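These are the residues of each chain, in order.
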Amino acid sequence: MIAFVLSGGGNRGALQAGALQALFARGIQPDLIVGTSAGALNGAYIALYPSLEGANRLAGIWCGVRKQDVFPGNILTMAWRFVTGKDSLFDNKSLRRFVEQNLPPDRTTFGDVSVPLYITGANINTHTLFLFGEDPTAKLVDAVMVSSAIPPELPPIEFNGYQYLDGGLVTVVPIEIAMEKGATEIYAINVSYAGDPQPPVHGVWNIAQRSITTLIYQQLVDDLEEAAEAGDALDLHHISIQAFADLPLTDFDHMAEMVDEGRRVAEEYLAHPQPTTREMIRNQLLGTTSAPPPPGARIYVPHKRRR
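In what follows, the accompanying structure is described. All values reported here derive from a predicted model rather than from experimental measurement.

### Regarding the nonpolar core
Residues Phe4, Leu20, Leu23, Trp62 and Leu117 are the most contacted members of the largest nonpolar core, which totals 66 residues. Looking at this core element by element, the count peaks at eight residues for helix α1 (residues 13–25). With 22 residues, the next largest nonpolar core counts Ile216, Leu224, Leu234 and Leu236 among its residues.

### A short note on the pattern of salt bridges
For the structure shown, the criterion picks out eight salt bridges. The salt bridge partner of Glu100 is Arg96, with a shortest N-O separation of 3.7 Å. Linking Glu100 with Arg96, this pair stays in helix α6 (residues 93–102), spanning four residues, or about one helical turn. Take Glu100: its relative accessible area is 43%, and that puts it in the partly exposed class. In this structure, Lys181 engages Glu180 in a salt bridge whose closest nitrogen and oxygen atoms are separated by 4.0 Å.

### Brief notes about the packing of α1 against helix α3 (residues 52–64)
Where α1 meets α3, the closest approach of the two axes is 9 Å, and the angle between their N-to-C directions is 160°. With respect to α3, the axis of α1 lies roughly antiparallel. α1 and α3 meet at a crossing whose hand is left-handed. Facing α1, whose interface residues are Gly13, Ala14, Ala17, Leu20, Gln21, Phe24 and Ala25, α3 presents Leu52, Ala55, Asn56, Leu58, Ala59 and Trp62. The residue inventory of the contact of α1 with α3, partitioned by class, reads ten nonpolar, three polar and no charged.

### Points about α3
With 13 residues, α3 extends 18 Å between its outermost C-alpha atoms, agreeing within 8% with the 18 Å of an ideal straight helix rising 1.5 Å per residue. Turning to α3, the residues buried within the fold contact α1, α2 (38–48), α6 and α10 (255–271).

### Some remarks on the packing of aromatic side chains
This structure, assessed with the given rule, holds eight aromatic pairs. Relative to Phe252, the ring of Phe71 lies with its centre 6.2 Å away and its plane at 40°, an arrangement referred to as tilted. Here Phe252 lies in the loop between β8 (235–240) and α10 and Phe71 lies in the loop between α4 (67–70) and α5 (75–83), a separation of 181 residues in the sequence. For the pair Phe130 and Tyr164, a centre-to-centre distance of 5.4 Å together with 90° between the ring planes defines the contact as edge-to-face. Of this pair, Phe130 sits in strand β4 (residues 128–132) while Tyr164 sits in strand β6 (residues 162–166), and the two are 34 residues apart along the sequence. Arg57 extends its terminal NZ or CZ atom over the ring of Tyr49, reaching a point 4.5 Å from the ring centre. Positioned above the aromatic ring of Tyr49, the side-chain terminus of Arg107 is 5.7 Å from the ring centre.

Rules used in this analysis
- Residues numbered from 1 in each chain as written.
- Predicted model: local features only at pLDDT ≥ 70, side-chain atom pairs only at ≥ 80, totals over all residues.
- Heavy atoms only, no water.
- Core = buried A, V, L, I, M, F, W, Y, C linked by side-chain atoms within 4.5 Å.
- Buried < 20%, exposed > 50% of the residue type's maximum accessible area, 1.4 Å probe, protein only.
- Helix = DSSP H or I, 4+ residues; strand = E, 2+ residues; numbered from the N terminus.
- Salt bridge = Lys/Arg side-chain N within 4 Å of Asp/Glu carboxyl O.
- Axes fitted to C-alpha atoms, helices over the stretch in contact; angles between N-to-C directions.
- Parallel < 35°, antiparallel > 145°, perpendicular 65-115°, else oblique.
- Left-handed = near helix turned anticlockwise from the far one by under 90°.
- Contact = heavy atoms within 4.5 Å.
- Nonpolar A, V, L, I, M, F, W, Y, C, P; charged D, E, K, R; others polar.
- Expected span 1.5 Å × (residues − 1).
- Phe/Tyr/Trp six-rings, centres within 6.5 Å; stacked < 30°, edge-to-face > 60°.
- Lys NZ or Arg CZ within 6 Å of the ring centre and 35° of its normal.

What is shown is where atoms sit, not what they do.
What follows is the structure in structure tokens.
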């Protein structure tokens with residue numbers, strides 16, 4: 001059973017659209033799809049249209065999107081929302097409108113998809129992961145909006161008095177969910193941070209953002225370790241696309257270039273696929289630091305996942 005696992009990544013979801021073109025061009029068809037954040041939007045579209053034509057249309061949607069379609073306003077409106085105690089720097093009305101405009105009006109629920117689809121969300125009242133897709137009556141737009149609610153840019157989505165945010169806060173590349181649903185071969189298209197060393201940062205905002213990235217990255221490592229534990233029972237293709245890593249979340253001026261780059265990286269991987277092993281994970285982790293460690297410390301790389 002083949003699964004496509006689509007990571008979060010905000011506007012870098014355009015890279016993912018290009019990679020999906022490459023997968024379908026190779027004749028690789030998903031039996032299930034798991035998506036988080038930008039991957040939730042891409043996953044919903046591909047679950048409805050699981051074909052090269054669908055991937056091409058998705059790429060066209062990314063190439064046509066502009067900042068005002070998702071993040072309307074400017075620095076003054078952002079500052080006003082901040083000083084007046086709003087829940088986010090932007091409201092989410094424009095994003096909801098964008099999602100609704102690009103999903104078919106006659107196929108609105110998880111029961112309407114052509115390929116089983118699972119989307120993640122994080123409950124910030126109970127600090128737990130929630131999964132859409134097991135109830136066929138659940139609304140696709142609601143799930144995409146929850147999974148795409150990136151703080152602090154977008155506000156939490158509220159249901160029954162509880163607040164939900166971007167599923168990437170809990171699992172940015174939800175490999176383990178695909179395994180639980182029976183996948184034996186996974187193509188994980190990761191456009192989030194994947195371990196490349198970053199320069200020092202300063203300032204409260206930048207340090208807070210880097211802290212969140214560190215937590216999310218360790219969750220990815222856990223999922224990769226879990227996949228490696230499966231051994232021959234699972235082929236994991238971790239296609240990590242790290243281009244445009246410094247692009248601001250609100251910059252939508254390079255979408256066509258990003259689609260092309262995502263397709264190029266995926267085609268390059270598919271020409272010589274190499275399923276992920278535990279040794280590859282260890283080597284990647286050991287290669288993430290070229291600086292000397294603090295006195296008396298070393299980078300910790302688990303030899304075996306604790307159960």
